[in-house]
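# Analysis of the macromolecular model
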Amino acid sequence: MTKRAQGQGVRLIYLVGFIVFGLPALVGYGTIPLTNFTAEALCVTGLALMLILAGIDPQSRVERRRELLAATGAFGLLFLVTLLQWTAFGQKQIDAYLVVLGYLLCAVMAVGAGHAACAGDHAMSWFRASAKSLAIAATLAAFASAAQYFELDARWLLISPVSDAGRTFGFIRQPNHQGTFLNLGLVALIFLQRTGSIRTWLWSLLSLILIFGITTTGSRTALLQVFFISLCMLASSWRDRRGLLKAVLPIALVAGIWLALFLLSRSGGTEFFGVQKLAQTSSEGLGMRSAAWRQTAIMVMEHPWAGNGILRYSAAFFLGGAGIEVGVGMSHSHNLLLQVAFDFGLPVAILFFGLIAWVLWRARGTFVTNHGFFAFVCLGCLFIHSLVEFPLWYAYFLLPACWLLGSLTCGRRSAAARQDAEAPHAGNHGEIARASKALRAAAVLAGIAVLGVTLSMNRDYYLLTPVYAPGLVSTQAERLKDAERVFWFRRYADFPGLQLETVNETNYELHLKRAASIGCVMTEIWFQNSTILALAQSGRIDEAKWILYIIWRMSNGQVDSFKKALMGSKLPVAAQLVDYLQNPVPVPKATTTFQQACYGRAAS
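Calculation rules
Residues numbered from 1 in each chain as written. Predicted model: local features only at pLDDT ≥ 70, side-chain atom pairs only at ≥ 80, totals over all residues. Heavy atoms only, no water. Helix = DSSP H or I, 4+ residues; strand = E, 2+ residues; numbered from the N terminus. Buried < 20%, exposed > 50% of the residue type's maximum accessible area, 1.4 Å probe, protein only. Contact = heavy atoms within 4.5 Å. Areas by Shrake-Rupley, 256 points an atom, 1.4 Å probe, with all protein chains shown as cover. Phe/Tyr/Trp six-rings, centres within 6.5 Å; stacked < 30°, edge-to-face > 60°. Lys NZ or Arg CZ within 6 Å of the ring centre and 35° of its normal. pLDDT = per-residue confidence, 0-100. Polar contact = N/O pair within 3.5 Å; in protein donor to acceptor, adjacent residues only side chain to side chain. Axes fitted to C-alpha atoms, helices over the stretch in contact; angles between N-to-C directions. Parallel < 35°, antiparallel > 145°, perpendicular 65-115°, else oblique. Left-handed = near helix turned anticlockwise from the far one by under 90°. Nonpolar A, V, L, I, M, F, W, Y, C, P; charged D, E, K, R; others polar.

Here we come to the overall build of the protein chain. On a plain count of helices and strands, the protein chain comes out with 27 helices and zero strands. Counting every position in the protein chain, which comprises 604 residues, the buried fraction comes to 54%. If you take every contact in the protein chain between residues at least 6 apart in sequence, the share linking residues at least 24 apart comes to 75%. Summed over its atoms, the accessible surface of the protein chain is roughly 26700 Å², and 63% of this surface lies on carbon and sulfur atoms.

The structure is reproduced here in structure tokens:
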């Protein structure tokens, strides 16, 4: 390969790396998949380009290592179990299950892409591209946090100068996600400094900016990640005096910035959320999260062997009464370990995490290398986040994590050493070349398929978002008609249509059937007056009262809107429900409709 071709290849690597690792942070994350699909689509598009790039590179190859089989097998296991769950009780959600299956398939491909990157001749270029992308995007995000904290007009940075009680979130709209992303940027800076790709003074300056952004998020998780990064720096350089001093720097910067912002807030300066967070921690501990974890553990043990299904948590949490104990509804458990156990069952969860742990254990020797340090510490930060937030629900966290995991499956040997080791086996060269060619062709085809599906989902997304966007000229009925063409997000399109429908004596059975199907995926359907009325009209008055009781408890008795809606209904059962809301006494849990619709089984 000529030097010019090599240079073009490296530039392509840097571009793809930026699309996967950096750009999603600058278009805005969210906590609802429907609002952050642009970031999701960018990351998945980058994965497709990775696969195609590996496919057309004649030097790329995949080694058949046990670690690679274990890493891909872990996510392949989740794919298989999801497929089995769908055939068992998910046929009514075929489109939603297709999204989940595609999501897990992308995770498997990302592991393979990470392995191909570390096994090829451009391994270090891939790591530098990933690190530089994270460092650049995180620095911009940190500037956005600073602008928010000091309430500066930063429209030139494409962000509103708005903070939440002194708590910053950058482009991400979620402070904990922002803190994790900035910590990944900090790890990237450390990698670049270790490989001589950045000057020490610039590394120190950018680290200061990032840690300022981390501190102003007010995220305890982000601060814990900083301590984790420092500990990893200590572990990897405990014999180097200069390395030890650098390892202490992140902790020292956090302590200094936290104290400075605390004193500034006490003297009448801008508000600092870290003070409130410290007070909350001392009085409440982990608050709602710990309560949600207890309830999730109970839900796990209700169906410990086969799990509950990957789309059921929010509805099961609400209808099962866990929201009464926690005080709010939860769309996920805020803990990856519990979430996998709830979704897939304890045996699958143990096997999945066991495979991942085995891969990391086998790769432990790479921790002393620069790329191994980068991969291990980034994965550690994501794991810490996953214990309180479950970030792997998002493609822009999951796919980079899988890529990093795949990059640890090559072992410690360099590409040159691998080539030397393979030289004596020249007799197998033709077979190896044919296998590599087949794998490259498969990578190209997989990349094209991923691009095609992503474009299709993106089209659906932009057909659907106007349904929820306020202030549009067209009526909601007109927008719903356009949304009928949506395939990938059909449940999101059906939901507002059911909200507009009036329940009467002739349509309540059909309405309830559709509501139960949608309610397997979207909890909100069970909060609707129409669903409650349809349940009561169909003779399931106990289930209607159970839902009203949950709402009454979770809202602290604020149910006037429900009373008004019920009183305005012409159904005779409405009067009985209004009477119940006058004095909502506790009722037995009733979830038969949900259990039958979503699992094909009666309530346990």
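Here the focus is the packing of aromatic side chains. Within this structure, the stated rule accounts for 22 aromatic pairs. Ring geometry for phenylalanine 75 and phenylalanine 352: centres 5.3 Å apart, planes at 85 degrees, overall edge-to-face. With phenylalanine 75 in helix α3 (residues 66–89) and phenylalanine 352 in helix α15 (residues 346–362), this pair connects stretches of sequence that are 277 residues apart. For the pair formed by phenylalanine 75 and phenylalanine 352, the shared burial category is buried. Through a chain of ring-to-ring contacts, the aromatic side chains of Phe21, Trp126, Phe127 and Trp403 assemble into a single cluster. One Lys or Arg, arginine 194, reaches over the ring of phenylalanine 373 and ends 4.0 Å from the middle of that ring.

With 84% of its residues at a pLDDT of 70 or more, the protein chain shows a mean pLDDT of 82. Confidence scores differ between elements of the protein chain, with helix α18 (residues 415–422) showing the lowest mean pLDDT of 39 and α15 the highest of 96.

Note that phenylalanine 487 resides in the loop between α20 (476–483) and α21 (490–500). A relative accessible area of 41% means that phenylalanine 487 is categorised as partly exposed. For the pair phenylalanine 487 and methionine 457, spaced 30 residues apart in sequence, the C-alpha separation works out to 8.1 Å. Residues in contact with phenylalanine 487, not counting those within four places in the same chain, are Asp95, Leu98 and Asp460.

Moving on, we come to helix α14 (residues 336–344). A turn of α-helix holds 3.6 residues, and therefore any two residues three or four places apart point the same way. Of all nine residues that make up α14, seven are buried, and the element is covered over most of its length. Listing the buried residues of α14 in full gives Leu336, Gln339, Val340, Ala341, Phe342, Asp343 and Phe344. Buried residues along α14 sit against α3, α11 (288–302), α12 (313–319), α15 and α16 (370–386). Between the side-chain oxygen at the start of α14 and the backbone nitrogen of leucine 337 there is a gap of 3.0 Å, and the oxygen is on asparagine 335. Glycine 345 lies just past α14 and shows a positive phi near 95 degrees.

Packing of helix α25 (residues 560–567) against helix α26 (residues 573–582) leaves a shortest axis separation of 9 Å and a crossing angle of 155 degrees. One finds that α25 runs roughly antiparallel with respect to α26. Where α25 crosses over α26, the two elements pack in a sense that is left-handed. Residue-level contacts link Phe562, Lys563, Leu566 and Met567 of α25 to Ala574, Leu577, Val578, Leu581 and Gln582 of α26. Of the residues that constitute the contact of α25 with α26, the class distribution is seven nonpolar, one polar and one charged.

This brings us to unusual backbone geometry. If you check the backbone angles, histidine 334 has positive phi at about 60 degrees while not being a glycine. Take histidine 334: it is sitting in the loop between α13 (322–326) and α14. Classification of histidine 334 as buried rests on a relative accessible area of 14%. Positive phi, normally seen in glycine, also occurs at asparagine 556, with a value near 55 degrees. Within the element layout of this structure, asparagine 556 appears in the loop between α24 (541–554) and α25.

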